[in-house]
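A closer look at the structure
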Amino acid sequence: DKSDWTTFKLMADFYFENSAKILTKDISIEKPFKLMGRNIQKRLFIGIGTELLLKSLFLKNDYCINKIKRGKTPNPNKPTKYSTITDLNFLNPSDTYTLNSFIHNISKVIAADNHSEFVKGLKIAKVFRNKEGHVAVLWHKPDRQNYTDIENCVTEIYRKGFNETLDFKISFLDG
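As the structure is a computational prediction, the values presented were derived from the model and not from experiment.

**Regarding the packing of aromatic side chains**
- Under the criterion given, the structure shown has nine aromatic pairs.
- Grouping aromatic residues by their ring pairs yields a cluster made of Trp5, Phe16, Tyr158, Phe162 and Phe168.
- Against the face of Phe162 rests Lys9, its NZ or CZ located 5.4 Å from the ring centre.
- Sitting over the face of the ring of Trp5, Lys60 holds its NZ or CZ atom 5.5 Å from the ring centroid.

The structure is reproduced here in structure tokens:
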């Protein structure tokens with residue numbers, strides 16, 4: 001439902017805040033993997049927060065985030081304005097569009113200052129969500145620019161999409 005944008009935003013805020021506040025003492029994995037476990041959790045929270053923030057942004061701008069059920073037409077196969085959906089019963093209540101679909105269609109809801117850099121940050125956040133959510137790897141070589149790209153696109157979404165100023169700086173240590 002389009003009014004759910006506030007719930008999605010609340011949960012995005014929650015994940016971003018927890019990514020900032022989680023400490024190694026909060027991680028139950030044993031040494032020497034505590035720091036890596038914390039960093040994995042931070043990246044996963046950043047990725048999930050980004051996905052929920054995009055879903056919130058689309059909902060806030062009157063886009064449906066649920067897929068159309070198979071066999072129903074018209075089926076745009078992408079987030080679509082509620083006003084163009086002929087029958088809301090055609091929506092699949094348990095299946096939303098992919099994060100990739102939201103990234104690919106972001107220009108419909110927000111005009112980024114630098115679209116290619118903006119999308120780059122979103123794609124990196126997607127990699128964080130996918131990597132940390134689907135595989136178990138106890139190493140990660142941080143690239144400061146990746147984190148800067150995510151910071152820039154997330155703060156731009158808050159500023160342009162929600163009229164909020166966010167102080168968002170991602171810090172990690174090697175190891």
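The rest of the description comes next.
**Focus on a nonpolar patch on the surface**
- On the surface, Leu10, Met11 and Phe14 cluster together into a nonpolar patch covering about 280 Å² of accessible area.
- As for its position among the elements, Met11 is in helix 1 (residues 5-21).

**Remarks on the nonpolar core**
- The biggest cluster of nonpolar side chains holds 44 residues, and the ones touching the most others in it are Ile106, Ile150 and Ile157.
- Elements with a contribution of two residues or more to this core: helix 1, helix 2 (34-60), strand 1 (63-64), helix 3 (99-104), helix 4 (115-134) and helix 5 (144-162).
- When sequence neighbours within four positions are dropped, the list of residues in contact with Ile150 reads Ile46, Gly121, Ile124, Ala125, Phe128, Phe168 and Ile170.

**Quick look at the side chain of Ser19**
- Tracing the sequence through the fold places Ser19 in helix 1.
- Residues in contact with Ser19, not counting those within four places in the same chain, are Lys42, Phe45 and Ile46.

What counts, and at which threshold
- Residues numbered from 1 in each chain as written.
- Predicted model: local features only at pLDDT ≥ 70, side-chain atom pairs only at ≥ 80, totals over all residues.
- Heavy atoms only, no water.
- Phe/Tyr/Trp six-rings, centres within 6.5 Å; stacked < 30°, edge-to-face > 60°.
- Lys NZ or Arg CZ within 6 Å of the ring centre and 35° of its normal.
- Patch = residues over 30% accessible without salt bridge, like charges linked within 9 Å, V, L, I, M, F, W, Y side chains within 5 Å.
- Areas by Shrake-Rupley, 256 points an atom, 1.4 Å probe, with all protein chains shown as cover.
- Salt bridge = Lys/Arg side-chain N within 4 Å of Asp/Glu carboxyl O.
- Helix = DSSP H or I, 4+ residues; strand = E, 2+ residues; numbered from the N terminus.
- Core = buried A, V, L, I, M, F, W, Y, C linked by side-chain atoms within 4.5 Å.
- Buried < 20%, exposed > 50% of the residue type's maximum accessible area, 1.4 Å probe, protein only.
- Contact = heavy atoms within 4.5 Å.

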